[in-house]
Amino acid sequence: SSSFILPPSSFPMSWIPPSLDDLKGKFPPQVISLIANYSAKSGDTSDALLTRELANAIEEVRGYVAANAENQLGAAGTLPASLKDCALVLARKRIYANVPGLDTLLNDAMKDEVKDVQRKLENVAAGKFRIIQPDTPGTEVIPRPKMEIVTANDRRNTRDQMKSL
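Since we're looking at a predicted model, the values are computed, not measured. (Residues numbered from 1 in each chain as written. Predicted model: local features only at pLDDT ≥ 70, side-chain atom pairs only at ≥ 80, totals over all residues. Heavy atoms only, no water.)

### Things to note about the overall build of the protein chain
Here's step 1: Looking only at helices and strands, the protein chain features six helices and two strands.
Here's step 2: In sequence order, the secondary structure elements of the protein chain are arranged as β-α-α-α-β-α-α-α.
Here's step 3: The buried share of the protein chain, reckoned over its 165 residues, is 30%.
Here's step 4: Taking contacts inside the protein chain between residues at least 6 apart in sequence as the whole, the part at least 24 apart equals 77%.
Here's step 5: Per element, the accessible surface of the protein chain, about 11,100 Å² overall, is 54% carbon and sulfur. (Helix = DSSP H or I, 4+ residues; strand = E, 2+ residues; numbered from the N terminus. Buried < 20%, exposed > 50% of the residue type's maximum accessible area, 1.4 Å probe, protein only. Contact = heavy atoms within 4.5 Å. Areas by Shrake-Rupley, 256 points an atom, 1.4 Å probe, with all protein chains shown as cover.)

### Considerations on helix H5 (residues 108-126)
Here's step 1: Taking 1.5 Å of rise per residue, 19 residues should cover 27 Å, and H5 covers 27 Å from first to last C-alpha, within 8% of that figure.
Here's step 2: All of the buried residues along H5 are Met110, Val114, Val117, Leu121 and Val124. The arc that holds the buried residues of H5, viewed along the axis, is 80°, so those residues lie on one side. Exposed residues pointing more than 90 degrees away from the buried face of H5 are listed as Asp108, Ala109 and Ala126. (Expected span 1.5 Å × (residues − 1). Arc of directions from axis to C-beta.)

### Details of the pattern of salt bridges
Here's step 1: Considering all chains together, one arrives at ten salt bridges under this definition.
Here's step 2: The salt bridge partner of Asp85 is Lys26, with a shortest N-O separation of 2.9 Å. Of this pair, Asp85 sits in helix H4 (residues 84-98) while Lys26 sits in the loop between helix H1 (20-24) and helix H2 (29-41), and the two are 59 residues apart along the sequence.
Here's step 3: Residue Asp85 is classed as partly exposed on the basis of its relative accessible area, which comes to 36%.
Here's step 4: Linking Arg130 and Glu70 is a salt bridge whose minimum nitrogen-to-oxygen distance equals 2.5 Å. (Salt bridge = Lys/Arg side-chain N within 4 Å of Asp/Glu carboxyl O.)

### Describing the environment of Pro18
Here's step 1: Relative to the helices and strands, Pro18 is located in the loop between strand S1 (15-16) and H1.
Here's step 2: Distance in space between the C-alpha atoms of Pro18 and Leu83 is 9.6 Å, their sequence separation being 65 residues.
Here's step 3: Those residues in contact with Pro18 that lie beyond four places of it in its chain are Leu54, Ile58, Gly77, Leu79, Lys84 and Leu88.

### Thoughts on the side chain of Asn71
Here's step 1: Among the secondary structure elements, Asn71 is positioned in the loop between helix H3 (46-67) and strand S2 (79-80).
Here's step 2: Only 2.9 Å separates the side chain of Asn71 from the side chain of Gln133, close enough to count as a polar contact. (Polar contact = N/O pair within 3.5 Å; in protein donor to acceptor, adjacent residues only side chain to side chain.)

### Things to note about H4
Here's step 1: Across its 15 residues, H4 extends 21 Å between first and last C-alpha, which sits within 8% of the 21 Å expected from 1.5 Å per residue.
Here's step 2: Inspection of H4 places Cys86, Ala87, Leu88, Val89, Leu90, Ala91, Arg92, Ile95 and Tyr96 among the buried residues, and these make up the whole buried set.
Here's step 3: Lining the buried residues of H4 we find H1, H2, H3, S2 and H5.

### A closer look at the nonpolar core
Here is a general trend for soluble globular proteins: nonpolar side chains tend to be buried in one another's company.
Here's step 1: Formed by 33 residues in total, the largest nonpolar core has its most connected members in Leu23, Phe27, Ile35, Val61, Leu83 and Ile95.
Here's step 2: Taken together, the elements giving at least two residues each to this core come down to H2, H3, H4 and H5.
Here's step 3: Excluding residues within four positions of it along the chain, Ile95 makes contact with Leu23, Phe27, Ile35, Leu50, Glu53 and Leu102. (Core = buried A, V, L, I, M, F, W, Y, C linked by side-chain atoms within 4.5 Å.)

### Section: the packing of H3 against H5
Here's step 1: At a minimum axis separation of 6 Å, H3 and H5 run at an interaxial angle of 35°. The two elements H3 and H5 meet at a crossing, and its hand is right-handed. Contact with H3, carried on its side by Val61, Tyr64, Val65 and Ala67, involves Leu121, Glu122, Val124 and Ala125 of H5 and no other residues of that element. (Axes fitted to C-alpha atoms, helices over the stretch in contact; angles between N-to-C directions. Left-handed = near helix turned anticlockwise from the far one by under 90°.)

Everything listed here is a matter of coordinates, which is why it stays silent on function.
Rendered as structure tokens:
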């Protein structure tokens, strides 16, 4: 009886920072050129625009993760490896929506991918899609709603008191 076990070094890191190159890989070269032209006209660089949208998308995904009280957040700017593509898809959607002329290039397959990502993130928040917890939790404090414990029914008026009304 032989078993096959991978050494720990062959497993991906549990929490990773999606990179600018990862995001650029979500676009065809001609779209990268359109983003660069738009950025240059607005006095920005395409890398700065892409980096901003990626950071926003990472924070959105982290928000879904934090919505489930069983989850911990990893270091700032990181996500569970299983949710990396979610951030890339959300960032791509924002760029297609915000760069003039790109919205018409957002095809049905990309729109469906966004819907799938949103469904997955809702499942993460609801605890239906479990994520790997970070090896080292981040320092961010996740605000949790305070719970009120009700122990007894303190009725002020009883049926007997209400009969005469």
